[in-house]
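Chain and residue survey
Given next are the chains, with one letter for each unit.
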Amino acid sequence: MTLSAPTTVVHARAPGKINVFLKVGALLDDGYHDVASAYQAVSLSEDVRAYPADDFSVTFTNSSSVDTSGLPLDGSNLAIKAATLLARRAGYRGGVRLEIEKHVPIAGGMGGGSADAAATLLACDTLWGTDLGREELVELAGELGADVPFAFIGGTAIGTGRGDQLSPALAKGHFQWVFALADFGMSTPEVYRELDRHRDRHAQDIFPAEVAPHVDANVLQALRAGDPHMLAEVLHNDLQAPALQMEPKLAKVIELGEENGALAGMISGSGPTVAFLAADLDNALELQIALSAARLNVVRATGPVHGARVLST
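This one's a predicted model, so the numbers in the text were calculated from it and none came from an experiment.

A count of helical and extended segments in the protein chain gives 10 helices and 12 strands. Here the C-alpha atoms of the protein chain give a radius of gyration of 19 Å, agreeing with the 20 Å that 2.2 N^0.38 yields for 313 residues. By principal-axis analysis of the C-alpha atoms, the protein chain measures approximately 60 × 45 × 35 Å. By sequence separation, contacts in the protein chain at least 24 residues apart represent 77% of the contacts at least 6 residues apart.

The following block contains the structure:
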């Protein structure tokens, strides 16, 4: 089956995310963990432009805050994986040339690669005229990684299982976030392994992890209320302790942000990005200035925002 490409370029965008709540379940026999997460899509987005081609390729454009020089350009790149997966599913025999403008920190716990994959699925579906529909594209997204379906859906959602069993969550208004970016990345699998070691070391002092964790009701209430002060009280990330064990200097970043007016600070996902929740826009701007003066690489964002969408064809 060969489908004709209806256009010469498609521009799609998908958001990065923050886990405002992340609880990690006990280590399972297959070496993985179930999680319970409250995701929020934020206004740091990945822009993907897809052009017709005979094979599959990807290039990256540096933004002011993201260094893309170390990203893979071969079949191990998640955007290439997304395009080839869609081509196989749809029976499309051509390729695509992808140009990606990155604004989400790399290996920073904010789902930038997942956003690349989600935007690529949508862009290629439009470019190739495969017309699979959002439901089937979200299903494909789940084959690429636990965070990819959320990048497709956006907004605010609760994720369970491996994080890809999503249900929408009500969230009123917008929350103001300031992110302190690190000049290094952290391996998500290694942070999870450190979590398991952390739990073993402190087994006498902490409650055993649940096999099937859940999101606390107070988190849902804070999101529904749109109240940053309420949300600041219930921000939680089980991966923070192992991330700080691996990179203790991140604790100083959290402390600095909270000393300069953040309602709360925490490691974003598996790190090393540190996320600060601000009371309002003025507070976020003041915090951004203060952290920049401390020579930290800082960006500001709001959430929630829409998921993956086509901007132009």
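What follows is about the packing of helix 1 (residues 78-90) against helix 3 (residues 134-144). The interhelical angle for the contact between helix 1 and helix 3, taken along N-to-C directions, is 130 degrees, at an axis separation of 10 Å. Of the possible angle classes, the one that applies to helix 1 and helix 3 is oblique. Helix 1 and helix 3 meet at a crossing whose hand is right-handed. Residue-level inspection shows Leu 78, Lys 81, Ala 82, Leu 85, Leu 86 and Arg 89 of helix 1 in contact with helix 3, the latter providing Glu 136, Leu 137, Glu 139, Leu 140, Glu 143 and Leu 144. Its residues placed into classes, the contact of helix 1 with helix 3 shows 7 nonpolar, no polar and 5 charged.

In this section: the nonpolar core. Leu 86, Val 96, Leu 98, Leu 121, Trp 128 and Leu 137 are the most contacted members of the largest nonpolar core, which has 38 residues in total. Per-element tally for this core: the top contributor is helix 2 (residues 112-128), with 10 residues. Discounting residues that sit within four places of it in the chain, Val 96 has contacts with Ala 50, Tyr 51, Ala 53, Asp 55, Phe 56, Ser 57, Ala 83, Cys 124, Leu 127 and Trp 128. Within the second largest apolar cluster, 29 residues are counted, among which are Ile 158, Phe 175, Leu 235 and Ala 275.

This brings us to the sheet that holds strand 9 (residues 264-267). Taking strand neighbours across the sheet as the criterion, the 4 strands line up as 9-10-7-11 in an open arrangement whose pairing is antiparallel. Looking at strand neighbours, the two that pair on one side only are strand 9 and strand 11 (297-303), the edges of this open sheet. Across the sheet, the mean angle separating the axes of adjacent strands is 25 degrees when strand polarity is ignored. Pairing of strand 7 (residues 175-181) with strand 11 involves 7 bridges; the strand directions are antiparallel. Looking at the pairing, Phe 179 lines up with Val 299 of strand 11. Against the sheet, helix 9 (residues 249-259) touches strand 7, strand 9 and strand 10 (274-278), its axis set at about 15 degrees to strand 10.

Take Glu 46: it is sitting in strand 2 (residues 33-53). Using a relative accessible area of 0% as the deciding quantity, one classes Glu 46 as buried. Here Val 104 takes part through its backbone nitrogen, which lies 3.0 Å from a polar atom of the side chain of Glu 46.

Here the residue pair Gly 271 and Pro 272 is connected by a cis peptide bond, since its omega of 5 degrees sits within 30 degrees of zero. Along the chain, Pro 272 turns up in the loop between strand 9 and strand 10. Backbone geometry places Asp 131, a non-glycine residue, at a positive phi of 50 degrees. Here Asp 131 shows up in the loop between helix 2 and helix 3. One non-glycine residue, Arg 295, adopts positive backbone phi at about 65 degrees. Inspection of the secondary structure puts Arg 295 in the loop between helix 10 (281-293) and strand 11.

Thresholds, definitions, all that
- Residues numbered from 1 in each chain as written.
- Predicted model: local features only at pLDDT ≥ 70, side-chain atom pairs only at ≥ 80, totals over all residues.
- Heavy atoms only, no water.
- Helix = DSSP H or I, 4+ residues; strand = E, 2+ residues; numbered from the N terminus.
- Rg over C-alpha atoms; globule rule 2.2 N^0.38 Å.
- Contact = heavy atoms within 4.5 Å.
- Axes fitted to C-alpha atoms, helices over the stretch in contact; angles between N-to-C directions.
- Parallel < 35°, antiparallel > 145°, perpendicular 65-115°, else oblique.
- Left-handed = near helix turned anticlockwise from the far one by under 90°.
- Nonpolar A, V, L, I, M, F, W, Y, C, P; charged D, E, K, R; others polar.
- Core = buried A, V, L, I, M, F, W, Y, C linked by side-chain atoms within 4.5 Å.
- Buried < 20%, exposed > 50% of the residue type's maximum accessible area, 1.4 Å probe, protein only.
- Pairing = 2+ DSSP bridges.
- Polar contact = N/O pair within 3.5 Å; in protein donor to acceptor, adjacent residues only side chain to side chain.

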